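# Breakdown of the fold
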Amino acid sequence: MEETPHILVVDDHRDIREPLVKYLGQHGYRLSEADSAAAARRVLEKSAIDLVVLDIMMPGEDGLSLCRHLRESSAIPVILLTAMADETDRIVGLEMGADDYLTKPFNPRELVSRIRAVLRRVHSLPPQRQTVSAGNIRFDRWTLDTARRELVDETGAAIPLSTGEFNLLDAFLRHPNMVLTRDQLLDHTRAREAAVFDRSIDNQVSRLRKKIERDPKSPALIATVWGGDYPGAAEVERL
């Protein structure tokens, strides 16, 4: 990256937030901070943020709600912080679209390592050839509503998509006519945090083909090239 990443730390506990901001600043990052989801939204409106470190348990709007908003309206990566060690909470956070998850108390050095890893994964994706923001994306005979996370056919019927299938289709539509590797797709669908293997992407691609291809055995929208990489062949139109 040419510019120093700008990190937003969101935590209502001042004794946690301020030392963390200072520590991350010592590691070369530009920092903004917020003590609530509302304050974070104001920062996000005014500043170009590269990554959000977000506490889950906050008064008023909680971190999961803000994480959902970020995932519906942007591609800004999110690392969740929480005092809860319950496995269910970790899964819910990842399903909301978080890129990583740390349980308090944590070593700040580990957070720096996680930040570097997430930013590295995000920037490993090819640059988009066109800007596709939240809204409707039309391709072939389908329309994907990224805000509602719904896939609608030409008759207006909604086709259910799992979180993994939606993220996978979103990756293809945001990088039309470009070859994406399994590693890039694993990162985009956040499957690495679920501790699964590369073959899971092949299974998700297979399920997605059955839903969107006219002939899943001879796919025209999601092809396969030698080595197991996937070029998205669909021409997309942002509505």
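All of the points below concern the structure found in this document. (Residues numbered from 1 in each chain as written. Predicted model: local features only at pLDDT ≥ 70, side-chain atom pairs only at ≥ 80, totals over all residues. Heavy atoms only, no water.)

This part covers the sheet that holds strand β2 (residues 30–34). On the basis of which strands lie adjacent, the open sheet formed by five strands has the order β2-β1-β3-β4-β5 and parallel pairing. Strands with a single pairing partner mark the edges of an open sheet, and in this sheet they are β2 and β5 (100–103). If you compare each strand with its neighbour and ignore which way they point, the axes differ by 20° on average. Two strands pair when backbone bridges link them, and strand β3 (residues 51–55) and strand β4 (residues 78–82) are joined in this way by four bridges, in the parallel orientation. Counterpart to V52 in the pairing with β4 is V78. (Pairing = 2+ DSSP bridges. Helix = DSSP H or I, 4+ residues; strand = E, 2+ residues; numbered from the N terminus. Axes fitted to C-alpha atoms, helices over the stretch in contact; angles between N-to-C directions.)

Moving on, we get to the environment of A157. Along the chain, A157 falls in the loop between β8 (150–152) and β9 (158–159). Among the residues examined, A157 registers a relative accessible area of 33% and is labelled partly exposed. Once the C-alpha coordinates of A157 and W142 are considered, the two residues, 15 residues apart in sequence, prove to be 10.0 Å apart. Excluding anything up to four places from it in sequence, A157 contacts L151 and V152. (Buried < 20%, exposed > 50% of the residue type's maximum accessible area, 1.4 Å probe, protein only. Contact = heavy atoms within 4.5 Å.)

This part covers the packing of helix α1 (residues 14–26) against helix α5 (residues 108–122). Axis angle and axis distance: for two packed helices, these are the angle between their axes and the distance between the axes, and together they describe the pair. Two elements in contact, α1 and α5, have axes whose closest approach is 11 Å; the angle formed by their N-to-C orientations is 60°. It follows from the interaxial angle that α1 and α5 lie oblique. In the crossing of α1 with α5, the sense of the turn from one axis to the other is right-handed. Contact residues: L20, Y23 and L24 in α1; P108, R109, L111, V112 and I115 in α5. The class makeup of the residues in the contact of α1 with α5 is seven nonpolar, no polar and one charged. (Parallel < 35°, antiparallel > 145°, perpendicular 65-115°, else oblique. Left-handed = near helix turned anticlockwise from the far one by under 90°. Nonpolar A, V, L, I, M, F, W, Y, C, P; charged D, E, K, R; others polar.)

Another point: the packing of helix α2 (residues 37–46) against helix α3 (residues 63–73). The geometry of α2 relative to α3 is characterised by a closest axis approach of 10 Å and an angle of 25° between their N-to-C directions. Looking at the two axes, α2 sits roughly parallel to α3. For the crossing formed where α2 meets α3, the hand is right-handed. Together, A37, A40, R41 and L44 of α2 and L66, H69 and L70 of α3 make up the contact between the two elements.

It is worth spelling out the side chain of T82 at this point. In this fold, T82 is placed in strand β4. For T82, a relative accessible area of 0% gives the class buried. Excluding its chain neighbours within four sequence positions, the residues that come into contact with T82 are D55, I56, Y101, L102, T103 and K104.

Our focus in this paragraph is the pairing of strand β1 (residues 6–10). Counted residue by residue, β1 has five buried out of five residues, so it is predominantly covered. The alternating pattern of β1 places H6, L8 and V10 on one face and I7 and V9 on the opposite face, and all of these are buried. When β1 meets β2, the two strands line up parallel, connected through five bridges. The residue bridging I7 from the neighbouring strand is L31, located in β2. In terms of handedness, the path from β1 via α1 over to β2 forms a crossover that is right-handed. Where β1 lies against β3, four bridges are found, and the strand directions are parallel. Residue pairing in the sheet places V10 in a bridge with L54 of β3. (Right-handed = clockwise from strand over helix to strand, strands pointing away.)

Below, the discussion takes up the pattern of salt bridges. Evaluation of the coordinates by the stated rule reveals 12 salt bridges. With a closest N to O distance of 2.9 Å, E18 and R14 form a salt bridge. In this pair, E18 and R14 are both assigned in helix α1, four residues apart and thus about one turn of the helix distant. Among the residues examined, R14 registers a relative accessible area of 57% and is labelled exposed. For the salt bridge of E110 with R114, the shortest nitrogen-to-oxygen distance reads 2.7 Å. Taken together, the residues span about one helical turn, with E110 and R114 both in helix α5 at a distance of four residues. One continuous salt-bridge network, built from bridges that share partners, spans D11, D55 and K104. (Salt bridge = Lys/Arg side-chain N within 4 Å of Asp/Glu carboxyl O.)

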